Amino acid sequence: MSVGRPDLLELARPAAGRRRRTVPPVGAVAGVVLGVLVLAAVLPWIFTGADPLATATSDSQLPPSLEHLFGTDKLGRDVFSRVVHGAGLSLSFGFTATLAALILGILIGVASGLAPRPVDNVIMRALEIALAFPELLVALVVIALLGPGTTNVIVAITVAAVPVYARVVRITTIQVRQSAFIEASVALGQHRVAIVLKHLLPNVIGPLLVLATIGIGTSIIAGSGLSFLGLGPVSPTPEWGLMLSDGRNSLGTAWWIAVFPGLAITVTVISTTVLGRYLQGRFEGRAR
């Protein structure tokens, strides 16, 4: 017996090592990058003391240097300062719109999954019609109805993203609703609201948070795209999509004006996607 135990321990050690190695460092890097971006959005003065709105025509279109890390734009404004301060508005498109779409998606999805079949069919047909169109096109339609503006951009992105979350919640609600523990709760006479809050929502929110993490990047792209088209905040507001639009005609002479805001959008979207995929892998592994 004393000989067998070390063998079992030796067999267990590689397995534990394999479990530790399954955590990809890229997921941690993505989390750190997003943490820095959120810090820049909340406390931009930690990274730069320059005024993102201050103009200096004598410093127009200066290339990147130690004094101006990302150079200056046509009006002499520091591009690095504008990128840092622009993180707040650009990330608000992603986080605010995703959170609002998540709440509405949960309400609609749970209501559809628990409703009688005729009501469920009506809701699902409406969601399928909305899902047939690209999210950016739906957002453009909403902007056309409400008019341009920062708040309307967030509303438009929210409306475009709701059908995706609602459909996932509906499917999960129907699956959980047929589970044995839900049937046992009903048999024990628990109130319908208590069943939804205690048993249904915890099982629905898990996979939805993974989808929402990836959806933050999609919302940021949509918000930046609408700002690029001139439908969001107006100049001189520091916002990545608007900065990209302002610098698109200067790529041949001052490439840094558009490239650095574009890189900020790219890095943010890649980080949210990588983190979402990592969380998805962890969630699916835990489920198995």
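The notes below deal with the structure included here. All values derive from a computational prediction rather than experimental measurement.

Let us now look at unusual backbone geometry. The omega torsion of the bond from serine 235 to proline 236 falls at 15°, within 30 degrees of zero and hence cis. Along the polypeptide, proline 236 turns up in the loop between helix H8 (192-228) and helix H9 (240-247). Positive phi is not limited to glycine here, since glutamine 61 has a value of about 55°. Structurally, glutamine 61 can be placed in the loop between helix H2 (25-42) and helix H3 (79-114).

Another aspect to go through is the packing of aromatic side chains. Evaluated as defined, the whole model comprises 4 aromatic pairs. Between tryptophan 255 and phenylalanine 260, the ring centres sit 5.8 Å apart and the planes meet at 40°, which makes this aromatic pair tilted.

Generally speaking, nonpolar side chains in soluble globular proteins are found buried as a group. Ranked by size, the top nonpolar core spans 23 residues in total, and within it Val79, Val83, Trp240 and Trp256 carry the most contacts. Every element with two or more residues in this core is listed here: H2, H3, H8, H9 and helix H10 (256-287). In terms of residue count, the dominant contributor to this core is H10 (8 residues). Not counting residues up to four positions away in its chain, the partners in contact with tryptophan 240 are Leu37, Val83, Gly86, Ala87, Ser90, Pro261, Ala264, Ile265 and Thr268.

Let us now look at the packing of helix H5 (residues 135-146) against helix H6 (residues 150-177). In the contact formed by H5 and H6, the axes pass within 8 Å of each other and the chain directions differ by 140°. Accordingly, the angle class assigned to the pair H5 and H6 is oblique. Relative to H6, the crossing made by H5 is right-handed. Seen from H5, the contacting residues are Glu135, Val138, Ala139, Val142, Ile143 and Leu146; seen from H6, they are Asn152, Val153, Val155, Ala156, Ile157, Val159, Ala160, Ala161 and Val164.

This brings us to the pattern of salt bridges. On inspection of all chains with the given rule, the structure shows 3 salt bridges. Among the salt bridges present, the one from arginine 77 reaches aspartate 73, with a minimum N-O distance of 2.8 Å. You can call arginine 77 buried: its relative accessible area is 7%. With relative accessibility at 7%, the residue aspartate 73 sits in the buried group. Arginine 170 is the partner of aspartate 120 in a salt bridge, and the nearest nitrogen-oxygen pair spans 2.8 Å. Of this pair, aspartate 120 sits in helix H4 (residues 117-131) while arginine 170 is found in helix H6, placing the two residues 50 residues apart along the sequence. A single burial state applies to aspartate 120 and to arginine 170, both of which are buried.

Criteria and cut-off values
Residues numbered from 1 in each chain as written. Predicted model: local features only at pLDDT ≥ 70, side-chain atom pairs only at ≥ 80, totals over all residues. Heavy atoms only, no water. Helix = DSSP H or I, 4+ residues; strand = E, 2+ residues; numbered from the N terminus. Phe/Tyr/Trp six-rings, centres within 6.5 Å; stacked < 30°, edge-to-face > 60°. Core = buried A, V, L, I, M, F, W, Y, C linked by side-chain atoms within 4.5 Å. Buried < 20%, exposed > 50% of the residue type's maximum accessible area, 1.4 Å probe, protein only. Contact = heavy atoms within 4.5 Å. Axes fitted to C-alpha atoms, helices over the stretch in contact; angles between N-to-C directions. Parallel < 35°, antiparallel > 145°, perpendicular 65-115°, else oblique. Left-handed = near helix turned anticlockwise from the far one by under 90°. Salt bridge = Lys/Arg side-chain N within 4 Å of Asp/Glu carboxyl O.

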